Amino acid sequence: LTQATPQDLDLGPPFRTLCTNVLDARLAYLAALGPMAPLVGPPLTHPRREIFSLPPLADIVAHLTSPTALPIPLDPTHYQGAVWAVPLWSERGLIGVFLLGEKRSGGLYTQEEIEIARVSGERLIDTQASSEMARRLMLVQRERLAQTQVIDQQTRRVLHDDLLPALQT
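Thresholds, definitions, all that
- Residues numbered from 1 in each chain as written.
- Predicted model: local features only at pLDDT ≥ 70, side-chain atom pairs only at ≥ 80, totals over all residues.
- Heavy atoms only, no water.
- Buried < 20%, exposed > 50% of the residue type's maximum accessible area, 1.4 Å probe, protein only.
- Helix = DSSP H or I, 4+ residues; strand = E, 2+ residues; numbered from the N terminus.
- Pairing = 2+ DSSP bridges.
- Core = buried A, V, L, I, M, F, W, Y, C linked by side-chain atoms within 4.5 Å.
- Contact = heavy atoms within 4.5 Å.

J.: Tell me what's going on with the pairing of strand β1 (residues 28–32), and back it up with residues and numbers.
T.: Of all 5 residues in β1, 5 are buried; the element is thus mostly enclosed. Burial of the side chains of β1 extends over both faces: A28, L30 and A32 are buried on one face and Y29 and A31 on the other. Where β1 meets strand β2 (residues 44–46), 3 bridges bridge the pair, whose relative direction is antiparallel. The residue of β2 that forms the bridge with Y29 is T45. Across 5 bridges, the pairing between β1 and strand β5 (residues 93–100) is antiparallel. Paired with A31 across the bridge in β5 is V97.

As structure tokens, this is what we get:
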């Protein structure tokens, strides 16, 4: 009952390594969408930014109707420098979007790099959501265990203080 709260999972370093070493992206954003978004938290950014504001993603989401949807070209002035929106899907539907800026080398993204971004983004979002659900379930279980122990102690006290003396007399 006195153990520390489970640590939050920080997916920032793996995300930034993916963006820097694999995709060679100048900037990138990984934003969760749908019912799991509250579990994932704020979007991941590369390079790391503490304060930023992405425009609403509703107009991007409107174009993403199926898991076979291709990446959508974006206006970089409207999306903080991002030029591509890669949809992220799971069996639950659309779970997020990976926004990619231009490559540092100035080249174009290959289909393989887009697929790596898609698959990695989906796994990062699933991992973060699963970790947060596990953390919340552990806290609920710890709380229930504490309540059970309190009720058990109260029952023992009543038996010892009230019923045992009555039986002895």
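Moving on, there is more to tell.
J.: Before we move on, could you go through the nonpolar core and cite the residues and values that matter?
T.: Core analysis: the largest hydrophobic core is formed by 24 residues, its most contacted members being F15, L23, L30, F98, L100 and I125. Residue assignment for this core shows that the elements contributing at least two residues are α1 (12–22), β1, α2 (37–40), β4 (84–90), β5 and α4 (111–168). By residue number, the principal contributor to this core is α4, which donates 5 residues. Residue contacts for I125: discarding those within four places in its chain leaves L30, A31, A32, V40, L88, I95 and G96.

Distances and angles like these do not, on their own, reveal function.
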